[in-house]
Amino acid sequence: MLNIGCIFLCILFNGCKDTLEPAPLRSGDKPQAITAYKVQPIAGGAIITYDLPVSQDLRYVKAVYTLGDGSIRENKSSLYKNTITVDGFATAGEYPVELIAVGVGEIESDPTSLNVTTLTPPYLRTLELLGKENNMMSTFGGIRLQFENETEAPIVIHILAKDDGGEWKPALDHYTRLPNGVVNVRGYPAEERTFGVYITDRWNNRSDTLTGTYLPIFEMMMDKSLFKTYNLATDEYTAHAGFGTVNALWNGVSDADGGTNIFHTRPGTGMPQHFTFDMGVKATLSRFVMHSRRNHEYRFNHPQRFELWGSNEPTSDGGWDSWTLIGTFSSIKPSGLPLGEQTADDLAYARAGEEFDVEMEGQAFRYWRWKTLETWGGNSDVSMAELTFYGETKVD
């Protein structure tokens, strides 16, 4: 009896399943085709402006077109607009598009076929600008790229390096939608090496590879075992309850989210604020890396703007006359999103350590002062997990 019941239920279900599919409450009249339109070329696409057909049943307009990889794309625009953007094209050129008016019940008009002209897409334009003189150059431990992303499109800059056997190896993938910026690839000895760069976009379009041979400049990581605090009057070095002192910044723990592995100043101490340390040797810096407190990236007390100062004979009164300004730096969020919003790429960038180039060359200092001017969240306190410095030591 059980088997017969199951068979009966299956027959009943299969016989009725077509009627269970959701269906429009009604089908409207077929909209008229779009007959009047204008096309404005943009980078990697076009904006189509059109006259909406007269129809009480009109719901939206869609553009249907094919991308370079053969995939068919549909972009839609509501009946409250008379423009639609088509994008994702791999190169500048002319492409066919169909405009279709859609009414109640997904009833479609006859398609209107047109051609759109597109300009050079952002990923190719960025590569073109990278190829200009001095936009790729040798730097400490590798190469430096100065990029321009004029339309602020989301792109990924992929850097490759040839190994000792002449094989290409991935060196760095840098996501950005900022209008311009600098990307550094580090960790290579001072020996000539061939590097390559290509760029992709969110439609998986890929550029050719730009290559060149460069000689990385020598640098070394400063020995953190020699570092020690050097507290001066006017410095803010007292730790918030339950957190570490300034010494936590060079204990080798870069991914801490709290406790004594974090240097965290007391809330309410105000901005700007600063602390001082002794590097143990005189050094000319090439760059430094800041690891923020984990899960505090780009918010709360993560430093956003700060200065680095150097001295060889700091006065004990905490004054600034004996100090030289090395540089003013800003923490960068690759996505450019507002406070409180960050992408997975933003977090990956911060957690790998934010890198800052030191432009002042030739002067060697033993004592260093970090001055925070502003935090991402507007906090009056500061927290960081680790600081790492690179450069070259100097002997008097």
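What counts as what
- Residues numbered from 1 in each chain as written.
- Predicted model: local features only at pLDDT ≥ 70, side-chain atom pairs only at ≥ 80, totals over all residues.
- Heavy atoms only, no water.
- Helix = DSSP H or I, 4+ residues; strand = E, 2+ residues; numbered from the N terminus.
- Rg over C-alpha atoms; globule rule 2.2 N^0.38 Å.
- Buried < 20%, exposed > 50% of the residue type's maximum accessible area, 1.4 Å probe, protein only.
- Contact = heavy atoms within 4.5 Å.
- 1 Å grid on protein atoms, 1.4 Å probe; cavity = no way out; pocket = protein on both sides within 12 Å on 5 of 7 lines; lining within 4 Å.
- Points joined across faces, edges and corners; volume = space filled by probe spheres on them.
- Nonpolar A, V, L, I, M, F, W, Y, C, P; charged D, E, K, R; others polar.
- Salt bridge = Lys/Arg side-chain N within 4 Å of Asp/Glu carboxyl O.
- Core = buried A, V, L, I, M, F, W, Y, C linked by side-chain atoms within 4.5 Å.
- Pairing = 2+ DSSP bridges.
- Axes fitted to C-alpha atoms, helices over the stretch in contact; angles between N-to-C directions.

J.: Is there a simple way to think about the overall build of the protein in this case?
T.: When its secondary structure is counted, the protein shows 3 helices and 24 strands. Relative to a compact globule of 396 residues, whose C-alpha radius of gyration would be 21 Å, the protein shows 29 Å and is clearly more extended. Dimensions along the principal axes, computed over C-alpha positions, put the protein at roughly 85 × 60 × 50 Å. Buried residues in the protein amount to 43% of all 396 residues. For the protein, restricting intrachain contacts to residue pairs at least 6 apart in sequence, the fraction spanning at least 24 positions comes to 71%.

J.: How should empty space enclosed by the protein be read in this particular structure?
T.: Any empty space left between atoms is shown by rolling a water-sized probe over those atoms. For the coordinates displayed, the defined rule picks out 1 cavity of 30 Å³ or more. By volume, the largest cavity amounts to about 50 Å³. Lining the largest cavity, in full, are Leu-285, Ile-326, Val-358, Met-360, Gln-363, Phe-365 and Trp-368. Grouping the amino acids of the lining of the largest cavity by side-chain chemistry returns 6 nonpolar, 1 polar and no charged.

J.: I tried to follow the pattern of salt bridges on my own but got confused; where do I start?
T.: Two side chains bearing opposite charge may form a pair once their charged atoms approach each other closely. Under the criterion given, the structure shown has 20 salt bridges. Its salt-bridge partner being Arg-186, residue Glu-355 comes within 3.1 Å of it at the nearest N-O pair. With Glu-355 in strand β22 (residues 354–357) and Arg-186 in the loop between β13 (180–185) and β14 (193–201), this residue pair connects regions lying 169 residues apart in the sequence. You can call Arg-186 buried: its relative accessible area is 14%. Across the pair Asp-278 and Arg-366 runs a salt bridge, and its minimum N-O distance is 2.8 Å. Placement of the pair is Asp-278 in strand β19 (residues 273–292) and Arg-366 in strand β23 (residues 365–375), with a sequence separation of 88 residues.

J.: Where do I start with the nonpolar core in this structure?
T.: One finds Phe-275, Met-279, Phe-288, Leu-308, Trp-370 and Phe-389 to be the most contacted residues of the largest nonpolar core, which totals 26 residues. If you list the elements that add at least two residues to this core, you get β19, β20 (303–311), β21 (324–330), β23 and β24 (383–394). In terms of residues, this core owes the most to one element, β19, which gives 7 residues. Not counting residues within four places of it along the chain, the set of residues in contact with Phe-389 comprises Met-220, Met-221, Met-222, Phe-227, Phe-277, Met-279, Leu-285, Arg-287, Phe-288 and Leu-308.

J.: I'm lost on the side chain of Thr-139 in this one. Help?
T.: As for its position among the elements, Thr-139 is in strand β9 (residues 136–139). Residues contacting Thr-139, with those up to four places away along its chain left out, are Arg-144, Asn-184, Arg-186, Pro-216 and Ile-217.

J.: Can you walk me through the sheet that holds β9 in this structure?
T.: Neighbouring strands of a sheet are bound in pairs by backbone hydrogen bonds; such pairs are parallel or else antiparallel. Sheet architecture is open: 3 strands sit in the order β9-β10-β13, paired in antiparallel fashion. Each edge of the sheet is formed by a strand with only one pairing partner; in this case those strands are β9 and β13. Within the sheet, the average angular offset between the axes of one strand and its neighbour, ignoring direction, is 25°. Pairing analysis gives 4 bridges linking β9 to strand β10 (residues 142–148), with the strands arranged antiparallel. Among the inter-strand pairings, Ser-138 is bridged to a residue of β10, identified as Ile-143. Contacts between helix α2 (residues 122–130) and the sheet are confined to β9 and β10, with β10 contributing the most and set at about 125° to the helix.

J.: Mind showing me how you'd approach the sheet that holds strand β15 (residues 210–214) here?
T.: As summarised here, the arrangement of the 4 strands in space is β12-β11-β14-β15, forming an open sheet in which the pairing is antiparallel. A single partner strand is all that each edge strand has here, and the edge strands are β12 (168–176) and β15. Each strand axis lies, on average, 25° off the axis of its neighbour in the sheet, ignoring direction. Where β14 lies against β15, 5 bridges are found, and the strand directions are antiparallel. The partner of Gly-196 across the bridge, within β15, is Thr-211. Sheet strands in contact with α2 are β11 (155–162), β14 and β15, and its direction is about 155° off that of β14.

J.: Help me understand the layout of surface pockets in this model?
T.: In this structure, the largest pocket occupies an estimated 1000 Å³ of space. Around the largest pocket sit 43 residues that line it, and His-174, Val-182, Asn-184, Tyr-349 and Glu-355 are the ones nearest its centre. Sorting the residues of the lining of the largest pocket by element identifies β10, β12, β13, β19, β21, α3 (344–351), β22 and β24 as the ones contributing at least two each. Here the residues of the lining of the largest pocket sort into 19 nonpolar, 14 polar and 10 charged. Here the second largest pocket defines a volume of roughly 270 Å³. Residue lining of the second largest pocket: 17 residues in total, with Ala-43, Pro-122, Ala-153, Arg-202 and Trp-203 positioned closest to the centre. Taken together, the residues that form the lining of the second largest pocket break down as 8 nonpolar, 4 polar and 5 charged.

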